[in-house]
Amino acid sequence: MKKAILLSVMAAVTLIPSSLAANDIKIPPRKVRGQTLTSTHLPAVRIKFDKAFKYVGHQSFVLYDVANAEQHFFVDADKQGRIKRMYWVQFEGYLPNNTHSYQYKAIKTVDIGGLSFVADAQAINVKGNIGRADSDGNRARAFLVSKGYRMASDEFLMQRLVHLIDESKRNELLIIYLEDLSGMKLTAADLAKNGAAAARWDEISKGLLNRATRGIEITR
């Protein structure tokens, strides 16, 4: 889904369903063992995360009454639960009672483990970007808060990686990498189009993509 929801991911901080197939059969949620998340369907893939990231759980729900969603979270946080970096993995698929499909403008694509991902990034301040209460971002936030986690600040960088699973474009694998921005002594406003540090965005976004892809290993 268009991730305006991403803007609300960390409103107080800042995953989906077990049934992503195009039918009503309930499929067991994907499994995590150690640092590896294993999916046997839509798509069949293994994602291994750097050892700095701790798995904190998953949740599943129907999103906006049109799609199944299953979320998994791996966080790098301090002892107080303040998140410095995290991965949010979302398996999402439209329900069989609609004909929707996912549409993304592929300005940049990257290959990870033989899978092609649409890649985009942005700097976000969450205070002025609270989305729908039932968004996947707000559900993610609530889940992490329930586990004792929150973002280290309201300013963060977000790298989104989207893999459309087949030609129908009705199922997707979404990997979101979030990183606290305060350590750079910058704000999202600084990195906006007319911001004080706008000229640095290309360099910063390239580094962000590099860190996001370096922290995971994907095998099919």
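This report concerns the structure included in the present document. As the structure is a computational prediction, the values presented were derived from the model and not from experiment.

## Some points on the pairing of strand E2 (residues 36–40)
Note on strand geometry: in a regular strand, side chains alternate between the two faces of the sheet. Where strand E1 (residues 31–33) lies against E2, 3 bridges are found, and the strand directions are antiparallel. Within E2, the residue paired with Arg33 across the bridge is Thr36. In this structure, the hairpin formed by E1 and E2 is closed by a connection of 2 residues, where Gly34 is found at a positive phi of approximately 60°. When E2 meets strand E3 (residues 44–49), the two strands line up antiparallel, connected through 5 bridges. Considered in E3, the bridge of Ser39 is made with Val45. Between the antiparallel neighbours E2 and E3 lie 3 residues, among them Leu42 with a positive phi of about 45°.

## A short note on the pairing of strand E11 (residues 171–180)
Buried residues dominate E11, accounting for 10 of its 10 residues. Covered by surrounding structure in E11 are Asn171, Leu173, Ile175, Tyr177 and Glu179 together with Glu172, Leu174, Ile176, Leu178 and Asp180, the residues of both alternating faces. By the bridge criterion, 9 bridges tie strand E6 (residues 82–94) to E11 in an arrangement that is antiparallel. Of the residues in E11, the one forming a bridge with Met86 is Leu178. In this structure, strand E10 (residues 155–164) lies alongside E11, joined through 9 bridges in antiparallel fashion. For Leu161, the partnering residue across the bridge sits in E11 and is Ile175.

## Structural notes on helix H1 (residues 136–146)
Those residues of H1 that fall on the buried side of the exposure criterion are Asp136, Gly137, Asn138, Ala140, Phe143 and Leu144. Where H1 is buried, its residues contact strand E4 (54–63), strand E5 (67–77) and E6. Immediately beyond the C-terminal end of H1, within one or two residues, lies Gly148, with a positive phi of roughly 90°.

## Structural notes on the sheet that holds E2
Taken in spatial order, the 4 strands line up as E1-E2-E3-E12 in an open sheet, and their pairing is antiparallel. A single partner strand is all that each edge strand has here, and the edge strands are E1 and strand E12 (216–219). Sheet twist, expressed as the mean angle between neighbouring strand axes with direction ignored, is 20°.

What counts, and where the lines are drawn
Residues numbered from 1 in each chain as written. Predicted model: local features only at pLDDT ≥ 70, side-chain atom pairs only at ≥ 80, totals over all residues. Heavy atoms only, no water. Pairing = 2+ DSSP bridges. Helix = DSSP H or I, 4+ residues; strand = E, 2+ residues; numbered from the N terminus. Buried < 20%, exposed > 50% of the residue type's maximum accessible area, 1.4 Å probe, protein only. Contact = heavy atoms within 4.5 Å. Axes fitted to C-alpha atoms, helices over the stretch in contact; angles between N-to-C directions.

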